[in-house]
Amino acid sequence: LGFSTAMHLARARAQVVLACRSVGKCEQAAKKIEQDVAAMSEGVAHVTPMGNLDLASFESIRTFAATFRTQFPALDSLILNAGVMLVEPFQLT
């Protein structure tokens, strides 16, 4: 879902910033999006792989946000693509 959304935004000439838990996978995804957009003769995709964002870690989120703010003047849209797995049954604490 996240890759497909990023692809469609890149095809629409949006500046896309990818944030992933794996830097390597993030870079691979950015490269594939750029290649696919170019192959479709739809111009140049503007995809920045920033990687290394773990939404389960507040420290990771803060670090990513600080880095993002130094590289970009604004954030117009945010799309989160995180699933929840192995959820325990509801309990009162």
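Everything below is about the structure shown above.
**Overview of the packing of aromatic side chains**
Then, in step 1: By the definition in use, this model includes two aromatic pairs.
Then, in step 2: Ring geometry for Phe68 and Phe72: centres 4.8 Å apart, planes at 25°, overall stacked.
Then, in step 3: Members of the aromatic cluster, connected to one another through ring pairs, are Phe64, Phe68 and Phe72.

**Brief notes about the pairing of strand S1 (residues 15-18)**
Then, in step 1: Residues Val16 and Leu18 line the buried face of S1, whereas the alternating positions Gln15 and Val17 sit on a face that is not buried.
Then, in step 2: Looking at chain direction, S1 and strand S2 (residues 46-49) are connected through four bridges and run parallel. Pairing of Leu18 across the sheet is with Pro49, part of S2.
Then, in step 3: Taken together, S1, helix H2 (residues 23-39) and S2 form a β-α-β motif whose crossover is right-handed.

**Some words on the packing of helix H1 (residues 2-11) against H2**
Then, in step 1: Two elements in contact, H1 and H2, have axes whose closest approach is 10 Å; the angle formed by their N-to-C orientations is 45°. Taken together, the axis directions place H1 and H2 in an arrangement best described as oblique. In the packing of H1 onto H2, the handedness of the crossing is right-handed. Seen from H1, the contacting residues are Phe3, Ala6, Met7, Ala10 and Arg11; seen from H2, they are Ala29, Lys32, Ile33, Asp36 and Val37.
Then, in step 2: Here the contact of H1 with H2 is composed, by residue class, of seven nonpolar, no polar and three charged.

Criteria and cut-off values
- Residues numbered from 1 in each chain as written.
- Predicted model: local features only at pLDDT ≥ 70, side-chain atom pairs only at ≥ 80, totals over all residues.
- Heavy atoms only, no water.
- Phe/Tyr/Trp six-rings, centres within 6.5 Å; stacked < 30°, edge-to-face > 60°.
- Buried < 20%, exposed > 50% of the residue type's maximum accessible area, 1.4 Å probe, protein only.
- Helix = DSSP H or I, 4+ residues; strand = E, 2+ residues; numbered from the N terminus.
- Pairing = 2+ DSSP bridges.
- Right-handed = clockwise from strand over helix to strand, strands pointing away.
- Axes fitted to C-alpha atoms, helices over the stretch in contact; angles between N-to-C directions.
- Parallel < 35°, antiparallel > 145°, perpendicular 65-115°, else oblique.
- Left-handed = near helix turned anticlockwise from the far one by under 90°.
- Contact = heavy atoms within 4.5 Å.
- Nonpolar A, V, L, I, M, F, W, Y, C, P; charged D, E, K, R; others polar.

Bear in mind that shape data such as this cannot, by itself, settle questions of function.
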